[in-house]
Amino acid sequence: MTAYILRRLWQMLPTMAGVVVLVFVLFNWVGGDPTYLLAGKMADARAIANIRAQLGLDAPWYVQLGIFVKQIVTFDFGNAWSTGEPVSHIIATRLGPSLTVLVPLTVLETTIGIALALAVAFVRGSLTDRLVMVACTVGMSISILVYIIVFQYGLAYRLGLFPVQGWGEHFTENLLRYATLPILIGLAVSVAPTLRLFRSFVLDEVGQDYVRTARAKGLPERRIVWVHVLRNAAIPIITYVMANLPALLIGAFLLERFFGIPGIGREVILAVERSDFPVIKAITVYVAAATMVFNLLADLMYQAVDPRVQLA
Amino acid sequence: MTGPGLHHPAVSPGLWTLAWRRLRADRVAMAALGVVCLFLLSVVLSATGLVAADWEDEVAVNYAPPTFVGPDPLLAALAQPQAPAPPNAFDPLAGDIAVLKAQLARRGQAGHTVKRTTLPFGADKWGHDVVRKTIKGGQTSIVVGLVAAFVAVALGTLFGALSGFYGGRVDDFFNWFYSVFTAIPSILMILTVAAVLQTRGVATIVLILGLTGWTGPYRLIRAEYIKHKAREYVLAADAIGASSRRKMFVHIFPNVSHVALVQVSILVVGFIKAEVILSFLGFGVPVGVVSWGSMLNEAQNELILGKWWQLTAAATAMALLVTAFSLFADALRDALDPKLK
C-alpha cells in the first residue's frame, strides 16, 4: 500500500511540473509585461526598472522559473498586487467560508442524488422515470445565473426568508444564517446532473446477475436496493464525488460572488478583475495539486469499498 | 439522405444513413432538431442583417412593459413629445443647437419621434426592443458556442489522431499534456486564461473556450484511432504505400468522424452556458456587443425595479435552445453509436 502511494506520488511529479510550466508560460509570455499595470499611469523609467527588478523580470527566464518554483514550494507568493495582503494569508482565510458552503452542499447533494437515483432506477422506463429525466434535462438547461438571480430576488429580497447577502464572524451563524440560501441554490442546480449520472451508475448494476439471484432467493426489494445494489453503485459514485471536490472549490464562485461570501471562488473572480496575477497563479497551482491528490484518495477509497479492486 | 439502400438492396446502407433513419424514428429528437434549426435560422437572419439589425434603435420609452401587461401610466407620460423648453438667453449652446435641429429637419428626421409605450415583450433601460435584443444576443452566444466547439474538437481530433496513431513517445507526450490540462479544473483554466488575455472580444472567448475544451474529444478520438489503426483497411492502405497523414485523415478519420460530431454537439451546450457566465462576469463580450450573458447582467438590476421581461426573455430563449440541443445531442449519440444504449 505504502509502495503504491509513493509510486503514485512520484508519477504526479511530471504532471505537476507541466502545470507549473503551463502557468509560468501563460503569465510570463502570453500575459505580457505586468510592470506597466503595477506602475500606474504616471510611470517614469526609473520606477519601471525598479518594479522589474523587484519582480525578477529583468532576470533570464530560468531564474524567473526558479523563483516561481521556490514560491510554490515555500508557500510564499509574496503579497497580492491589489491589496498588499500576503497571498498565503488570502488562501488560508478564504478556505473556511468556501468549505462552510461546500461541505454541507456536497453531503446533501450526494445523499439526495443517491436516494433519488435508486428510486428512479427501480421504476426505469415508467412514466415517472421519463418525467423525472425530462425535468432533469430542462432543469440543467436553465443557467445557474437565472437560478441565483431569481432565488435571491424572490426568497431573500421579496419574501425576506434569508439575508440577501453577507457573512458573519461565527461558524454557526454563517452556516445557519448566511450559507443556507446559497446551499439551497447549489442543490437546485446540482441535483439534476447528479441524479442523471447516478441513475446511469445504478442502471449498470440492476441488470446484473447478482440482483436476479437476490430476488430469486426471496430477498425483499428494499434490501436488494439499499444493500446489494448500493454497495456496487457506490464505487463510481465515490470516484465522481472525490475527484470533483477541488473543482467545486472554484465552481461555487458564482454563489460566493452573489452572496458576498469571502471564499476562494470569489477571490479568483476579484483577482481576474484586478489582474492580480500572484493570487491567480497560487490558486491555480494549489488547486491542480489538490485535484491530483484527491484523485489518488479516490482510488484508495475505491479499494476500501470494493475488495475486488487490487491497487498494483 | 434517405440513401439508395431502400431501392437497391444490393447496396448496404452506411453508418450515416442508418443513423439518420434511427434519428427520424425518434420523435423527440426530430422536435429538438426543429427547435435547434429555428435558432440557427434566426442566427443566420440576424447575422445577415435581415432581422434585428436595428435592435439599438430606441423605439420605446425606457422600460416599456410588454403589450399584454399594458402601458405603465408613469412611463406613458414620458412618451409624449415634450413642449420645447422656453428659450434661455444665457444658454451658450443655443445657437449651435438651433443649427443642428435645422440640419435634422432638412434630412427629414423629426427631433422628437413618438416613442411607443408598450412593445410585444417590453423594452430595456434604453428603450431597445427586448425581442430583437434577444435575437441579436442569441446570435453572439450561439456563434461563440459553435465556433469554440469546432475549435476544441478540431484540436482534440488532431492531438488524438497523432497520439493514437503513432503511439509510443508521441502518445506519452500528449497524455502528459492531457493530464496537465485535466489537473486544472476547466472553469479555473478558463478564468486564468481570461485574466492573462487582457483584450476582451468575441474572438478571445472563442479562443479561451476552444483552447481549454479539447481534452474530452482528445481522449475519445485517441481511443478510436488506437482501435482503427490495426484494422485491415488501414493495413491495406499501408500496403499500397499511403502516407501516415493520408492514413490518419483520409482513411481513418471518416470512420471516427461520428465521434467528433457527437462531441461538437455536446460541447456546444457547455460552451453556450460558459459564454453566458463569462459575459455576465464581464470577462466575455466587449461593451456594445449584446449576448445572453450581458442581458442577464442588466436584467439582474432591472429585477429589483420589477422589470422582469428582459430576464425572462434571455433566460427562456437560452433554456429552450439548451434543452433542445442537449436532447438532440443525446439522440445523435444514441443514433450514431447504438452500442452505448
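The preceding data block contains the structure.
Described below are features of the structure shown in this document.

Details of the overall build of chain A
Secondary structure assignment for chain A yields 14 helices and zero strands. Sequence-ordered secondary structure for chain A, helices as α and strands as β, is α-α-α-α-α-α-α-α-α-α-α-α-α-α. Overall, the C-alpha framework of chain A stretches about 85 × 60 × 35 Å when taken along its three principal axes. A total of 312 residues make up chain A; the buried ones form 30% of that total.

Looking at the environment of N295 of chain A
Relative to the helices and strands, N295 of chain A resides in helix α14 (residues 277-305). Separated by 188 residues in sequence, N295 of chain A and V107 of chain A have C-alpha atoms that sit 18 Å apart.

Thoughts on the interface of chain A and chain B
On the chain B side, the residues contacting the 34 residues of chain A number 32 residues. Sorting the residues of the side of chain A that touches chain B by element identifies α1 (2-30), α6 (127-141), α7 (144-158), α11 (221-251), α13 (264-273) and α14 of chain A as the ones contributing at least two each. With eight residues, α1 of chain A is the single largest residue contributor to the side of chain A that touches chain B. Broken down by class, the residue content of the side of chain A that touches chain B amounts to 24 nonpolar, 10 polar and no charged.

Some words on helix α13 (residues 309-336) of chain B
Here α13 of chain B is 28 residues long and its end C-alpha atoms lie 40 Å apart, about the 40 Å a rise of 1.5 Å per residue gives. Burial analysis of α13 of chain B places 21 of its 28 residues in the buried class, which makes it a mostly covered element.

Notes on the packing of helix α11 (residues 244-281) of chain B against helix α12 (residues 292-304) of chain B
Residue and element names in this part refer to chain B. Between α11 and α12, the shortest axis-to-axis distance is 7 Å and the interhelical angle comes to 45 degrees. Considering the angle they form, α11 stands oblique to α12. Helix-helix and strand crossings are classified by hand; for α11 and α12 the assignment is right-handed. Contact with α11, carried on its side by E275, V276, I277, L278, S279 and F280, involves W292, G293, S294, L296 and N297 of α12 and no other residues of that element.

How each quantity is defined
- Residues numbered from 1 in each chain as written.
- Chains lettered and ligands numbered in written order.
- Predicted model: local features only at pLDDT ≥ 70, side-chain atom pairs only at ≥ 80, totals over all residues.
- Helix = DSSP H or I, 4+ residues; strand = E, 2+ residues; numbered from the N terminus.
- Buried ≥ 20, exposed ≤ 12 C-beta atoms within 10 Å, placed from the backbone.
- Contact = placed C-beta atoms within 7 Å.
- Nonpolar A, V, L, I, M, F, W, Y, C, P; charged D, E, K, R; others polar.
- Expected span 1.5 Å × (residues − 1).
- Axes fitted to C-alpha atoms, helices over the stretch in contact; angles between N-to-C directions.
- Parallel < 35°, antiparallel > 145°, perpendicular 65-115°, else oblique.
- Left-handed = near helix turned anticlockwise from the far one by under 90°.

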